[in-house]
Amino acid sequence: MKVVIVGVGRTGFLIAKWLSMNHEVTVIDRNPEILDEITYMLDVLAINGDATLPEVLKKADVDKADYVIATTDNDQTNIIVSALSKTLGNPFTIARVKRMEYLKVWGYGRKTLGVDLMVCAAPLVAEGIVRVVDYPQLLFFRKLYGDIYVGMSDSSTENLWSLRINDKNLIIATKEMIELSFKKSRTKKVLILGVGEIGKLIAKMLSAKGKEVKLVENNAEKAREIADELNEINVIFGDVFSDFLWSEENLGEADVSIITLNQDHECFFASAISKERGIDRVFSVVHRSSHMSLFEKIGVIPFSPELETAGKITAAIKEKATLGVVTKPEFQVYALSGDHLEGTLLKDLPGIPGPFFRKNKLISPNPNLRLKKGDVAIVITEGGGMIL
């Protein structure tokens, strides 16, 4: 397939890296230095220019593209690129946006604004954190296809199919099986440090689940706005790094701390303070994915907006045989259709065979089993990249 990626910052680079292994990828960016770096590292065609101009998109042969992915830092640019691409050809267009307002408008009519798929990091990160808040053993919990879910845990799982990757257990099972296998905690008090789109969404979602939420914001005007918008949530104006504030407001009494500040060094320091104050379960947004291991070393569960966005977008680039993909830096999990791969032996599929689903029943992988119509085969690959 031919894929055009507009904007190759950290998110665009990840998408280009994963897709260029098996697809024809063209990247467009205004910064020639970034393009020099990416062409040195990846097998892609690079075009320097402003993709909001039709002549630049024509140079990338957008009229022949199967997918156009706009991941610049400007929401309006990404929407304009999608609309122009639809005018010049008929690719499937994907636009990354940061503002929830655009996502809401797009959601009303679908495919509006010339965008086939709009991806926003805020709800992806918020949903990812909220889904595992009550499960102390789970680090990750995502839907793959139908009722098949992918999880990750630090602890062993006796009753579930799992694969050891990077000292963690990758789990594949139905949602009910995973939820029954991990004991739910009694999380009542939640502390959120920093208020942006992600923090607001998490606060709303956890409050709706009956949690007692405290939100701390160090900008007075922003704190007032949030307090008016989220009148059922305790919004505190103050310095999240202040010892006085932590003591005065009893912030250390929280069962869970969630850090959504704007800079990674702020998130790291706030995470360390949360740990030092006795909060065992700490989640943090990590804006630069290469910093995630630093957070993990102090026992913090990191969530990266750029990885969540890149994973969502790459999962949308699917062959007919692919029913669903969960993409992470350390692994990819694929759900493959028996209808399109009928008669294929599991051992002949690319990657590591995972559990097999036939008539909604989970079966341990058997290399000599042949796919039938209605089957769903699961395969796993380690490291970055798409196998199909």
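K.L.:
Honestly, the packing of aromatic side chains in this entry has me stumped. Any pointers?
P.N.:
Each aromatic ring pair is characterised by the separation of its centres together with the angle its planes make. The tally for this structure, following the rule as stated, stands at 6 aromatic pairs. Considering the side-chain rings of Phe-140 and Phe-331, the 6.1 Å spacing of their centres and the 80 degrees angle between planes classify their relative orientation as edge-to-face. Of this pair, Phe-140 sits in strand S7 (residues 138-145) while Phe-331 is found in strand S18 (residues 331-337), placing the two residues 191 residues apart along the sequence. Comparing Phe-140 with Phe-331, the two get one shared label, buried. Where Phe-241 meets Phe-269, the ring centres are 5.2 Å apart and the plane angle is 20 degrees; that geometry is what we call stacked. Placement of Phe-241 in the loop between strand S13 (234-237) and helix H10 (243-248) and of Phe-269 in helix H11 (residues 264-276) is noted, with a sequence separation of 28 residues between them.

K.L.:
Could you clarify how one ought to interpret the pattern of salt bridges in this entry?
P.N.:
One side chain can pair with another of opposite charge once the charged atoms of both are near each other. In this structure the tally under the stated criterion is 15 salt bridges. Residue Glu-24 pairs with Lys-2 through a salt bridge whose shortest N-O separation is 3.6 Å. Separated by 22 residues along the polypeptide, Glu-24 in strand S2 (residues 24-29) and Lys-2 in strand S1 (residues 2-6) bring together distant segments of the chain. In this structure Lys-2 comes out as buried when scored by relative accessible area, which is 10%.

K.L.:
Got a minute to help me understand the sheet that holds strand S4 (residues 67-70) in this structure?
P.N.:
Whether parallel or antiparallel, the strands of a sheet pair through hydrogen bonds between backbone atoms. Spatial strand order, S3-S2-S1-S4-S5-S6: 6 strands in an open sheet with parallel pairing. Every other strand in the sheet has two partners, leaving strand S3 (45-48) and strand S6 (117-120) as the edge strands with one partner each. Looking at each pair of strands side by side, their axes are set apart by 15 degrees on average, direction ignored. The pairing of S1 with S2 spans 5 bridges and is parallel. When the bridges of S2 are listed, Ile-5 appears paired with Val-27.

K.L.:
Please explain the packing of helix H1 (residues 10-19) against helix H13 (residues 305-316) as it appears in this structure.
P.N.:
For any two helices packed against each other, the geometry comes down to the angle between their axes and how far apart the axes lie. Running from N to C, H1 and H13 point in directions that differ by 40 degrees, and their axes come no closer than 9 Å. With respect to H13, the element H1 is oriented oblique. The crossing of H1 and H13 is right-handed. Where H1 approaches H13, its residues Arg-10, Thr-11, Leu-14, Ile-15, Trp-18 and Leu-19 are matched on the opposing element by Glu-306, Leu-307, Thr-309, Ala-310, Gly-311, Ile-313 and Thr-314. Its residues assigned to classes, the contact of H1 with H13 shows 7 nonpolar, 4 polar and 2 charged.

What counts, and at which threshold
- Residues numbered from 1 in each chain as written.
- Predicted model: local features only at pLDDT ≥ 70, side-chain atom pairs only at ≥ 80, totals over all residues.
- Heavy atoms only, no water.
- Phe/Tyr/Trp six-rings, centres within 6.5 Å; stacked < 30°, edge-to-face > 60°.
- Helix = DSSP H or I, 4+ residues; strand = E, 2+ residues; numbered from the N terminus.
- Buried < 20%, exposed > 50% of the residue type's maximum accessible area, 1.4 Å probe, protein only.
- Salt bridge = Lys/Arg side-chain N within 4 Å of Asp/Glu carboxyl O.
- Pairing = 2+ DSSP bridges.
- Axes fitted to C-alpha atoms, helices over the stretch in contact; angles between N-to-C directions.
- Parallel < 35°, antiparallel > 145°, perpendicular 65-115°, else oblique.
- Left-handed = near helix turned anticlockwise from the far one by under 90°.
- Contact = heavy atoms within 4.5 Å.
- Nonpolar A, V, L, I, M, F, W, Y, C, P; charged D, E, K, R; others polar.

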